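One letter stands for each residue in the lines below.
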Amino acid sequence: MQEIAHGVRLPDSPREFGFFIDGAWQHKGEGYVRHSPSHDIPVTRTIRCTRDDLNEAVAAARRAFDDRRWSGLPGGERATILLRAAEGIRRRLDEIALWEVLENGKPLSQAKGELNHCIACFETAAGAARLLHGDSFNNLGDDLFGMALREPVGVVGLITPWNFPFLILCERAPFILASGCTLVVKPAEVTSATTLILADILSESGLPAGAFNVITGSGSDIGQALSEHPDVDMLSFTGSTAVGRSCVQASAASNLKKLGLELGGKNPIIVFADADLDDAADGAAFGISFNTGQCCVSSSRLIVERSVADKFEAILAKKMKKIRVGDPFDPETQVGAITTNAQNKVILDYIAKGKAEGAKIVVGGEALQFGRGRYIAPTLFSGVTSSMAIAREEIFGPVLSSFRFDTPAEAVSIANDTIYGLSASVWSKNIDTALMITRRVRAGRFWVNTIMAGGPETPTGGFKQSGWGRETGMLGVEEYTQVKSVHIGI
Ligand code: TAP
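Definitions and cut-offs
- Residues numbered from 1 in each chain as written.
- Predicted model: local features only at pLDDT ≥ 70, side-chain atom pairs only at ≥ 80, totals over all residues.
- Heavy atoms only, no water.
- Helix = DSSP H or I, 4+ residues; strand = E, 2+ residues; numbered from the N terminus.
- Rg over C-alpha atoms; globule rule 2.2 N^0.38 Å.
- Buried < 20%, exposed > 50% of the residue type's maximum accessible area, 1.4 Å probe, protein only.
- Contact = heavy atoms within 4.5 Å.
- Areas by Shrake-Rupley, 256 points an atom, 1.4 Å probe, with all protein chains shown as cover.
- Pairing = 2+ DSSP bridges.
- Right-handed = clockwise from strand over helix to strand, strands pointing away.
- Patch = residues over 30% accessible without salt bridge, like charges linked within 9 Å, V, L, I, M, F, W, Y side chains within 5 Å.
- Salt bridge = Lys/Arg side-chain N within 4 Å of Asp/Glu carboxyl O.
- Axes fitted to C-alpha atoms, helices over the stretch in contact; angles between N-to-C directions.
- Expected span 1.5 Å × (residues − 1).
- Polar contact = N/O pair within 3.5 Å; in protein donor to acceptor, adjacent residues only side chain to side chain.
- Left-handed = near helix turned anticlockwise from the far one by under 90°.
- Nonpolar A, V, L, I, M, F, W, Y, C, P; charged D, E, K, R; others polar.
- Near = heavy atom within 4 Å.
- Disulfide = S-S within 2.5 Å.

1. Observations concerning the overall build of the protein chain
Consideration 1: Within the protein chain one finds 15 helices and 27 strands.
Consideration 2: Its C-alpha radius of gyration of 23 Å places the protein chain within 12% of the 23 Å reference for a compact globule of 490 residues.
Consideration 3: The principal-axis extents of the C-alpha atoms in the protein chain amount to approximately 70 × 70 × 40 Å.
Consideration 4: Sorting the 490 residues of the protein chain into buried and exposed places 58% on the buried side.
Consideration 5: Looking at the protein chain alone, contacts between residues at least 24 apart form 73% of all its contacts between residues at least 6 apart.
Consideration 6: Entry remark: accessible area of the protein chain is about 18,800 Å², with carbon and sulfur atoms responsible for 52%.

The structure is reproduced here in structure tokens:
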């Protein structure tokens, strides 16, 4: 055993994970070793699944769907298993949080907080499994009765990203299972561990074999093959808009599988002069630094009323400077490591581009080094214009671009000047102003005088090129169903 930080002890060699098909673990195949982004030591070894493994997983999910061992259960029985899984996550919270931190680099305290949300996702999905129902039509005349049945779509492929490996999994998988569908999951290769732990928890909770399968490997290989698979009825993809587009092409070229897409964002935070500026600055600092800005709903475009812009940027810069970046296992840390070398380079390249294009750094702007990890200081750019790359493109890092507006119409126009429409927030004490902005800005998730708030009860999803469909809440279960209309002559 070796101590890596703050009393955290790990075995000398990486933890070995197999992949999970039809209720059983398999270990054959080429391995992939993941190094922790914060300590640069090998932490996990997973398998690079082959196309044959993928076919086996899809066939297992198909059998489990077709013989109705899961889809044929009463909603209440599905709910019981999902609630047991929620308990399983609660019991193994420390273990899941540890592997999430080791592979992703986020602070341990944040990982634990996210797990409470994950438990709530399972509990909410359990409630939805009980409540899921269709509709009836008794207005068709005295000799005809109509029903609309909600039936599960079938076998769902689920592809998840590395920024919230367990959280995004839990915002999808229990809702998909609640609908009666069966699943083949492909997590991001660099953060597969906690998805594999969930397979264990679901199996222990009594989920029938074949209802939840996990294959591991790279996106360009096994992810692409999953998106093209002719026997997958629906693909739920969370990740970049570029790969989302390739999933649409793969669907069109294969079996026209249904798609749920949760993609990128370039999310506005609009601050009016009458807002509580201190609260709004807390919101802006949190909105750009949470999860090191590697967050689809990260508020990366600050749009502030000109009359208070200098004052607001000064308050915000002070708060951003105070954010504790560092070792994820240090209980004082608020912002952890950047998850991959590739993403670290992307963020630093954008910072360089912002400077080269004439934006001014108010705070941050540099790479930080703690031990062998890679970190980036929360960064605020002012004087950003709409043509700059940092204004238009998703950076997926702690880099905030500041714009100014004179009229509410101008604020709306800047906010909507993006291909994305994932989330937005507005800060004002005037409810009319706040509601007007909420109505006019095109985004799937909105916060008024708060940020990143909400639970799994509400549906989430994107407008424009941020995605198709909705996840979580009742809509997040209905998304994985299709409606069959039935007419009965009387
Ligand atoms: P991507 O490169 O798109 O990867 C996402 C997932 O897709 C990973 O599992 C990846 O596997 C897999 N993948 C890669 N190429 C693929 C292909 N050709 N076919 C099928 N699957 C493929 O994104 P990322 O770098 O992980 O995450 C960053 C992006 O995701 C950002 O743009 C962010 O906004 C978006 N995101 C959106 C949301 C929501 S809720 N809208 C949430 C999180 C992230 P490997 O990693 O193993 O190669």
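And the narrative resumes.
2. Overview of the environment of Leu102
Consideration 1: As for its placement among the helices and strands, Leu102 is situated in helix H3 (residues 93–104).
Consideration 2: It is 8.4 Å that separates the C-alpha atoms of Leu102 and His39, two residues lying 63 residues apart in sequence.

3. Details of the pairing of strand E14 (residues 258–262)
Consideration 1: Burial of E14 is extensive: 4 of the 5 residues sit out of reach of the surface.
Consideration 2: In this sheet, E14 lies alongside strand E13 (residues 234–238) in parallel orientation, the contact comprising 5 bridges. Bridge assignment links Thr238 to a residue of E14, and that residue is Glu262.
Consideration 3: Chirality of the crossover, the property in question, places the unit of E13, helix H8 (residues 241–253) and E14 among those that are right-handed.
Consideration 4: Note that E14 and strand E26 (residues 467–468) share 2 bridges and pair antiparallel. Its bridge partner being in E26, Leu261 is matched across the sheet by Trp468.

4. Side note on a nonpolar patch on the surface
Consideration 1: Where nonpolar side chains cluster on the molecular surface, the patch consists of Phe137, Leu140 and Leu144 and spans about 210 Å² of accessible area.
Consideration 2: Relative to the helices and strands, Leu140 resides in the loop between strand E8 (135–137) and strand E9 (144–152).
Consideration 3: The class of Leu140 is partly exposed, set by a relative accessible area of 34%.

5. Let's talk about the sheet that holds strand E3 (residues 15–16)
Neighbouring strands of a sheet are bound in pairs by backbone hydrogen bonds; such pairs are parallel or else antiparallel.
Consideration 1: If you trace the 3 strands from one edge of the open sheet to the other, you get E3-E7-E6, paired in mixed fashion. Two strands close off the open sheet at either side, each with one partner strand: E3 and strand E6 (31–35).
Consideration 2: With respect to the sheet, H3 is in contact with E3, E6 and strand E7 (42–47), its orientation differing from that of E7 by roughly 95 degrees.

6. Regarding the pattern of salt bridges
Consideration 1: Under the counting rule described, the total for this entry stands at 30 salt bridges.
Consideration 2: Across the pair Glu16 and Arg45 runs a salt bridge whose closest N-O atoms are separated by 3.4 Å. Pair noted here: Glu16 is in strand E3 and Arg45 is in strand E7, with a separation of 29 residues, a long-range link.
Consideration 3: A residue is classified by how much of its surface remains accessible, and Arg45, at 23% relative accessible area, is partly exposed.

7. Some thoughts on helix H9 (residues 277–289)
Consideration 1: Taking 1.5 Å of rise per residue, 13 residues should cover 18 Å, and H9 covers 18 Å from first to last C-alpha, within 8% of that figure.
Consideration 2: Where H9 is concerned, the buried positions are Leu277, Ala280, Ala281, Gly283, Ala284, Ala285, Gly287, Ile288 and Ser289.
Consideration 3: Looking at the packing, one finds that the buried side of H9 touches strand E15 (268–271), helix H10 (306–322), strand E21 (399–405) and strand E23 (423–427).
Consideration 4: The distance from a side-chain oxygen at the start of H9 to the backbone nitrogen of Asp278 is 3.1 Å, and the residue carrying that oxygen is Asp276.
Consideration 5: Two residues or fewer after H9 comes Asn291, characterised by a positive phi angle close to 60 degrees.

8. A look at the sheet that holds E9
Consideration 1: Taken in spatial order, the 3 strands of this open sheet run E8-E9-E27, and their pairing is antiparallel. Each having just a single partner strand, E8 and strand E27 (481–489) make up the two edges of the open sheet. Within this sheet the neighbouring strands show an average axis-to-axis angle of 20 degrees, counted without direction.
Consideration 2: Both E8 and E9 contribute to a ladder of 3 bridges, which runs antiparallel. Residue pairing across strands places Phe137 opposite Gly146, the latter belonging to E9.

9. What to know about the packing of helix H13 (residues 408–416) against helix H14 (residues 431–440)
Consideration 1: Orientation of H13 relative to H14, taken along the N-to-C sense of each, is 35 degrees, at an axis distance of 10 Å. Where H13 crosses over H14, the two elements pack in a sense that is right-handed. Contacts between H13 and H14 involve Pro408, Val412 and Asn416 from the former and Met436, Ile437 and Arg440 from the latter.
Consideration 2: Among the residues forming the contact of H13 with H14, the class breakdown is 4 nonpolar, 1 polar and 1 charged.

10. Some points on the site of the ligand
Consideration 1: As a structural note, the neighbourhood of the ligand is formed by 30 residues, with Thr160, Glu189, Ser240, Leu263 and Glu394 the closest of them.
Consideration 2: Gly219 has a polar backbone atom sitting 2.9 Å from an oxygen atom of the ligand.
Consideration 3: Between Glu394 and the ligand, the recorded distance is 2.4 Å, taken from a side-chain N or O atom to an oxygen atom.
Consideration 4: Relative to its unbound accessible surface of 900 Å², the ligand loses 86% to contact with the protein.
Consideration 5: Secondary structure elements with two or more residues in the shell around the ligand: helix H5 (165–178), helix H7 (219–228), E13 and H8.
Consideration 6: Among the residues making up the shell around the ligand, the classes are represented as 12 nonpolar, 13 polar and 5 charged.

11. Focus on the state of the cysteines
Here, the word disulfide means a covalent bond between the sulfur atoms of two cysteines.
Consideration 1: By the definition in use, this model includes 0 disulfides.
Consideration 2: Free cysteine Cys121: the closest other cysteine sulfur is in Cys118, separated by 5.9 Å.
Consideration 3: Given the relative accessible area of 0%, Cys121 is considered buried.
Consideration 4: We note that Cys170 lacks a disulfide partner, and the nearest cysteine sulfur, in Cys118, lies 3.9 Å from it.

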